Amino acid sequence: MDKILIRGLTVSACHGVHGYEKTTPQKFIFDCDLYKDLTLAAQTDELENTVNYSAVCNAVAGLAKGNTFDLIEKLAYEAAYKILESFAVERADVTVYKPEAPVKHPFENVGVSMSAEWTTCFLSLGSSVGDKKNFLDTAVKKLEKTRGIRVEKVSSYIKTEPYGGVAQNEFLNCAVKIKTFLNPQRLLLEINRIEAECGRVRAVRWDDRTLDIDIIFFGDKIINDENLTVPHREYFKRDFVLVPLKEIAPDFVCPLKKRRISEL
């Protein structure tokens, strides 16, 4: 992937854990790497096909000057997110240096680096209690309003039989394609929040529920954390997952099975 490089952007701002750092401006230096396919810009020689690095510098400087954070980790994180939200880039790497940091020893610089990138993900949504369509509609709207998530496609809603031997009610299911710059664990937290806001109660596994959202794929990542498995375990055995997925992503290749969704 091509890159646009910004080096040594210097901003006077107030960030730090000490009281005086929150009121007395000091120097912060930003290095930014912006990942984007620049082929069209090279062919056309037109600004609209690249990223205006002056505008990026203004956005980062405005963020740094307009906020006060305790940690430069937070400053770098917010700068990376601001770039992805505001400009047509696939990934942003941001390093923030604090050359005037309160360190009691001679030093040249201290800094942190943060990275964020857009990733295509697929979610499975289901509801078996109450106004099922309204719960699915509400979940999609809440996803759209969540920072770091863009909803790109929503499948048709389909009716399916309960799965797992506990739930008794018919389900309404769909699949949603999103792009997100949240990491997998942060996306899971946002999903759990949306489920809770829609009345989800986790009492009995497989029981009927107002709303269930599962991460089926997170790009081509394979994740086996204590609380998250991606690709979702046994998704390929579940018609209520596969049928909506085939509608919106027939050519997506499962990173585990190395086969298109349409072939499963």
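Owing to the predicted nature of the structure, the values given are computational and were not obtained by experimental measurement.

## Overview of the pairing of strand 2 (residues 26-35)
For strand 2, the tally of buried residues reaches 9 of 10 residues, placing the bulk of the element in the interior. Of the strand pairs in this sheet, strand 1 (residues 3-13) and strand 2 are connected by 9 bridges, and their pairing is antiparallel. Counterpart to K3 in the pairing with strand 2 is Y35.

## Some points on the pattern of salt bridges
Evaluated as defined, the whole model comprises 18 salt bridges. Measuring nitrogen to oxygen at the nearest pair gives 2.7 Å for the salt bridge that ties R7 to D33. Here D33 lies in strand 2 and R7 lies in strand 1, a separation of 26 residues in the sequence. With its nearest N and O atoms 2.9 Å apart, the salt bridge here joins R91 to D93. According to the relative accessible area criterion, R91 is partly exposed, its value standing at 28%. Among the ionic contacts, a cluster of salt bridges with common partners joins K142, R186, E190, R193 and E197.

What counts, and where the lines are drawn
- Residues numbered from 1 in each chain as written.
- Predicted model: local features only at pLDDT ≥ 70, side-chain atom pairs only at ≥ 80, totals over all residues.
- Heavy atoms only, no water.
- Buried < 20%, exposed > 50% of the residue type's maximum accessible area, 1.4 Å probe, protein only.
- Helix = DSSP H or I, 4+ residues; strand = E, 2+ residues; numbered from the N terminus.
- Pairing = 2+ DSSP bridges.
- Salt bridge = Lys/Arg side-chain N within 4 Å of Asp/Glu carboxyl O.

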